[in-house]
Amino acid sequence: MNKPAPQRILRRAENHQLININTTQIFNTMGLIQNPKTYSGRELEEIFFRPVFTGASAEKLGIRVIYNMPMPTTVHLWSPAGNVLKAYTNGWQGGDKNTKKVCTIPMKRVKAETAFSASDYFSLVFEQIVNQGGVNMQDLSGTTLEAAETELFKKAVAESLRMTMWLGDFEGSSPYNTFDGILKTAYNAATEEDETGSYNIAGEISAKTVIDILDGVWKAASHTLRSYKDEGQLAYFVTADVYEAYEAYLDSKSGDNAYRELADGRLSLCYHGIPVINIGVGDELKKTDLPKSICMLSDRRNLVLAVNTADSPETEVRMWYNPDEMENRQRAVFLAGATVIDPALLSFGYKA
């Protein structure tokens, strides 16, 4: 059965009159989920947002995720220590100080909204429950239903945030216009800032040319960025065409390991010890004004997504049934933003 899950649910927030109702969800005898539910305060943080944006879930994004930092959201990136060794003399001389790059993330108030027909929503939630182990299908408690509904919406919010984190353009005409994303900031830096490495990808992207692309982006990087390699936080962030070309290049090699990887697949790719990460934006990139092929090298800690649910009085998550439209609706209101802390720690390869 085709699922009617929407691809994009993030919208710019508008003023709404919010009703604070917090009741247990139940199935009614007509196969509908009708009772409303609201997450607010500590419940909003502990049940809904924190599991999505901390721990393993945050690590999968491949960048630095900051959750509920005080507003204004200011982040720091420290440089390695300089020379602290001095010839011994009496008194205090002091070594070279660490330097830091300070950046304030422009946070935007956004809302995530989605709606399903009542019958489709019942099927989706019921499928979530069926796929769980150890559930007594003859005695579905409100807690079980609540968890299934919440999980369904959490996945949709997380995916929309991930896409906007990469593709966002607040002033653009693309669907991802709730806040500026990392790629827009990086592209502007590559074309306008002298301190950002820039590499123009010429010609086709294939197994024969992909090594030249990866090497070109590396050579365009500043000495400071390349010096971070030993810390293990550098990564190539690439579009699918670059990723697939590099995978085809590895498949073309001979040897037992190459054959085994060709047969079994690869969990991840690396080039000279640096992870190569497919940013996974697919055809949605074509809807933006960004270059359509990208190979970006940066330190993971330099790319930041920030989410805040503590500093806006109207922040909450609601799920309710609309009898007039016979729809189940879900809404989340919160603050979000993304940025590049230090443009000097970027090398941006692109093909328009």
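It should be emphasised that the depicted structure is a prediction, and the values quoted were computed from it without experimental measurement.

Thoughts on the sheet that holds strand β10 (residues 274-278)
The mixed open sheet is built from six strands, whose spatial order is β7-β15-β11-β8-β10-β9. In the strand order of this sheet, the two ends are held by β7 (197-200) and β9 (269-271), each with one partner. Going across the sheet, the axis of each strand differs from the next one's by a mean of 25°, ignoring polarity. Packed on one face of the sheet, helix α5 (residues 182-192) meets β7, β11 (293-299) and β15 (346-351) and runs near 95° to β15. Contacts from helix α6 (residues 210-220) reach β7, β8 (234-238), β9, β10, β11 and β15 within the one sheet, and its direction differs from that of β7 by about 155°.

Description of the pattern of salt bridges
In the structure shown here, the tally under the stated rule is 13 salt bridges. A salt bridge links Asp299 to Arg301, with the shortest nitrogen-to-oxygen separation between them at 2.8 Å. A residue is classified by how much of its surface remains accessible, and Arg301, at 28% relative accessible area, is partly exposed. Arg329 is the salt-bridge partner of Glu327, the closest N and O atoms lying 2.9 Å from each other. Judged by its relative accessible area of 23%, Glu327 falls in the partly exposed class. With a relative accessible area of 27%, Arg329 lands in the partly exposed category. Via salt bridges that share partners, Lys111, Glu113 and Arg331 belong to a single interconnected network.

A short note on the pairing of strand β14 (residues 327-340)
Most of β14 sits out of view: 12 of its 14 residues are buried. Relative to β14, strand β6 (residues 108-117) runs antiparallel, the two being bridged by 10 bridges. Bridge assignment links Lys108 to a residue of β14, and that residue is Ala336. Bridge analysis of strand β12 (residues 303-308) against β14 gives six bridges, and the strand direction is antiparallel. Counted as the bridge partner of Ala306 is Gly337 from β14. Across seven bridges, the pairing between strand β13 (residues 316-322) and β14 is antiparallel. Looking at the pairing, Glu316 lines up with Val333 of β14. The turn joining β13 and β14, which pair antiparallel and follow one another in sequence, is formed by four residues; a positive phi near 55° is taken by Met326.

Observations regarding the environment of Leu285
Looking at the secondary structure, you find Leu285 in the loop between β10 and β11. Judged by relative accessible area, Leu285 falls into the buried class, the value being 4%. With residues up to four places along the chain from it excluded, the contact list for Leu285 reads Leu167, Thr239, Leu290, Pro291 and Lys292.

Brief notes about the confidence of the model for the protein
Averaged over all residues, the pLDDT of the protein equals 81, while 82% of them reach at least 70. Confidence drops under a pLDDT of 50 for residues 1-7, and excluding neighbours within four residues, the segment shows 12 contacts in the predicted structure. Throughout residues 137-141 the model reports pLDDT below 50, and contacts reaching past four residues in sequence, or to other chains, amount to eight contacts.

Let's talk about α6
The complete set of buried residues in α6 reads Val210, Ile211, Ile213, Leu214, Gly216 and Val217. For α6, the elements touching its buried residues are β7, β8, α8 (240-251), β9, β11 and β15.

Remarks on the side chain of Thr309
For Thr309, the location among the structural elements is in the loop between β12 and β13. Judged by its relative accessible area of 9%, Thr309 is buried. Within the structure, the side chain of Thr309 is placed 2.8 Å from the side chain of Tyr67, a separation counted as a polar contact. Those residues in contact with Thr309 that lie beyond four places of it in its chain are Leu44, Phe49, Tyr67, Asn68, Thr315 and Phe334.

Quick look at the nonpolar core
The biggest cluster of nonpolar side chains holds 55 residues, and the ones touching the most others in it are Phe49, Trp166, Met296 and Phe334. For this core, the element with the highest residue contribution is helix α4 (residues 142-167), accounting for 10 residues. Not counting chain neighbours up to four residues away, the residues in contact with Phe49 comprise Leu44, Tyr67, Val307, Thr309, Val317, Ala332 and Phe334. Residues Ile205, Val217, Ala245 and Leu250 belong to the second largest nonpolar core, which totals 35 residues.

A look at unusual backbone geometry
Notably, Asn68 is not glycine yet its phi reads approximately 60°, a positive angle. Residue position: Asn68 is located in the loop between β3 (64-67) and β4 (74-78). We note that His272 has phi near 55°; this positive angle belongs to a residue other than glycine. In this fold, His272 is placed in the loop between β9 and β10.

Description of the packing of α6 against α8
Look at α6 against α8: their axes get within 9 Å of each other, and the N-to-C directions meet at 120°. Judged by the inter-axis angle, α6 sits oblique to α8. Across from Val210, Ile211 and Leu214 in α6, the residues of α8 making contact are Val242, Ala245, Tyr246 and Tyr249. The residue inventory of the contact of α6 with α8, partitioned by class, reads seven nonpolar, no polar and no charged.

The rules behind the values
- Residues numbered from 1 in each chain as written.
- Predicted model: local features only at pLDDT ≥ 70, side-chain atom pairs only at ≥ 80, totals over all residues.
- Heavy atoms only, no water.
- Pairing = 2+ DSSP bridges.
- Helix = DSSP H or I, 4+ residues; strand = E, 2+ residues; numbered from the N terminus.
- Axes fitted to C-alpha atoms, helices over the stretch in contact; angles between N-to-C directions.
- Contact = heavy atoms within 4.5 Å.
- Salt bridge = Lys/Arg side-chain N within 4 Å of Asp/Glu carboxyl O.
- Buried < 20%, exposed > 50% of the residue type's maximum accessible area, 1.4 Å probe, protein only.
- pLDDT = per-residue confidence, 0-100.
- Polar contact = N/O pair within 3.5 Å; in protein donor to acceptor, adjacent residues only side chain to side chain.
- Core = buried A, V, L, I, M, F, W, Y, C linked by side-chain atoms within 4.5 Å.
- Parallel < 35°, antiparallel > 145°, perpendicular 65-115°, else oblique.
- Nonpolar A, V, L, I, M, F, W, Y, C, P; charged D, E, K, R; others polar.

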